[in-house]
Amino acid sequence: MLTRPPLRVMVAVGLVAAGTLALQVVLTRLFSAVLFYHFGFLAISLALLGVGAGAILVYVRPRWFERPTLERALARWALTFAAFVPVSAFVLVRLHLTTLTFDVTGEFAWSFTVACVMSFLPLLAAGIVVALAVRAYARSIGRVYAFDLVGAAAGATAIVPLLWVADAPTLMVAVAGLAAAAAVLFAWRSRSR
């Protein structure tokens, strides 16, 4: 357990939290547009599942995430989050999810399953990042949690007006940019890097 986290790590945690909440809002918009409107709430469930599963994984299998250093692990998982988001957007826009009837076909069930998995994966990576930071800096939990909450609030607030001017897949790529910036901050140790 480390003592006090560097400011760049806390800002990176805030960026991951901002990206997570922004992605959740974008997925809500996407699901409500391509499925029936009540599937919009599925994004909230997938976000909770992903972030919770990431935290449980860190708790149950901590050795998977300990090598080689904490900041490298944080950078690696933030980069995984950043990579999964555009892949998820690419797959989601190509699925045939719209249905005009209430018939559930095999094709729809398969597309729906793929959509859920592809939405879950980036959120799982984000959950791992936050759980690793909380676990490592437990003595400074107030500070970690403050940056997490401020980042989450900023992400959820900023994404709503952006939905008026940009489409959901484009905003998903922007969310990937937040996660990539967090990965850079996690990996940044000195000016020479």
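Below you will find a few notes about this structure. Note that the coordinates shown come from a computational prediction; the quantities given were computed from them, not determined experimentally.

The next point concerns the overall build of the protein. Broken down by element type, the protein carries six helices and zero strands. The linear arrangement of helices and strands in the protein, starting from the amino end, is α-α-α-α-α-α. In terms of overall dimensions, the protein is globule-like: its C-alpha atoms have a radius of gyration of 17 Å, near the 16 Å expected for 193 residues. Once the C-alpha set of the protein is aligned to its principal axes, its extents read approximately 55 × 35 × 30 Å. Within the protein, buried positions represent 42% of all 193 residues. Considering only contacts in the protein between residues 6 or more positions apart, those separated by 24 or more positions represent 82%. With an accessible surface of roughly 10200 Å², the protein has 70% of that area assigned to carbon and sulfur atoms. Across the protein, the mean location of the 15 positive side-chain charges is 19 Å away from that of the 6 negative side-chain charges.

Moving on, we get to helix α5 (residues 141-165). Helix length check: α5 (25 residues) gives 37 Å between terminal C-alpha atoms against 36 Å at 1.5 Å per residue, within 8%. Along its length, α5 shows its largest kink, about 30°, at Ile159, and proline Pro161 lies within four residues downstream of that point. Residues of α5 that are buried include every one of Val144, Asp148, Gly151, Ala152, Gly155, Ile159 and Leu163, and no others. Close packing links the buried residues of α5 with α1 (7-34), α4 (106-136) and α6 (168-187).

This paragraph deals with helix α3 (residues 70-92). One full turn of an α-helix is made of 3.6 residues, so residues set three or four places apart face in the same direction. Taking 1.5 Å of rise per residue, 23 residues should cover 33 Å, and α3 covers 32 Å from first to last C-alpha, within 8% of that figure. Within the span of α3, buried status applies to Leu70, Glu71, Ala73, Leu74, Ala75, Ala78, Phe81, Ala82, Val85, Ser88, Ala89 and Leu92. Looking at the buried residues of α3, the elements they touch are α1, α4 and α6.

Let us look at the packing of aromatic side chains. Using the criterion set out here, one finds one aromatic pair in the structure. Here Phe65 and Trp77 contribute two aromatic rings whose centre-to-centre distance is 5.7 Å and whose plane-to-plane angle is 55°, an arrangement assigned as tilted. One end of the pair, Phe65, is in the loop between α2 (42-60) and α3; the other, Trp77, is in helix α3, with 12 residues separating them in the sequence.

Take the nonpolar core next. Val16, Phe81, Met172 and Phe186 are the most contacted members of the largest nonpolar core, which totals 56 residues. Elements with a contribution of two residues or more to this core: α1, α2, α3, α4, α5 and α6. The leading source of residues in this core is α4, at 15 residues. Beyond its immediate chain neighbours, meaning those up to four positions away, Val16 contacts Ala78, Phe81, Ala126, Val129, Val130, Ala182 and Phe186.

The next thing to look at is the layout of surface pockets. A volume near 270 Å³ is recorded for the largest pocket. Lining the largest pocket are 16 residues, and of these Thr20, Leu21, Gln24, Val51 and Asp148 sit closest to its centre. Elements that contribute at least two residues to the lining of the largest pocket include exactly α1, α2, α4 and α5. Ranked by residue count, the leading element in the lining of the largest pocket is α2, at five residues. Residue composition of the lining of the largest pocket, by class: 11 nonpolar, four polar and one charged.

Rules of the game
Residues numbered from 1 in each chain as written. Predicted model: local features only at pLDDT ≥ 70, side-chain atom pairs only at ≥ 80, totals over all residues. Heavy atoms only, no water. Helix = DSSP H or I, 4+ residues; strand = E, 2+ residues; numbered from the N terminus. Rg over C-alpha atoms; globule rule 2.2 N^0.38 Å. Buried < 20%, exposed > 50% of the residue type's maximum accessible area, 1.4 Å probe, protein only. Contact = heavy atoms within 4.5 Å. Areas by Shrake-Rupley, 256 points an atom, 1.4 Å probe, with all protein chains shown as cover. Lys, Arg positive; Asp, Glu negative; His and termini not counted. Charge placed at Lys NZ, Arg CZ, Asp CG, Glu CD. Expected span 1.5 Å × (residues − 1). Bend = angle between axes of the 7 residues up to and from the residue. Phe/Tyr/Trp six-rings, centres within 6.5 Å; stacked < 30°, edge-to-face > 60°. Core = buried A, V, L, I, M, F, W, Y, C linked by side-chain atoms within 4.5 Å. 1 Å grid on protein atoms, 1.4 Å probe; cavity = no way out; pocket = protein on both sides within 12 Å on 5 of 7 lines; lining within 4 Å. Points joined across faces, edges and corners; volume = space filled by probe spheres on them. Nonpolar A, V, L, I, M, F, W, Y, C, P; charged D, E, K, R; others polar.

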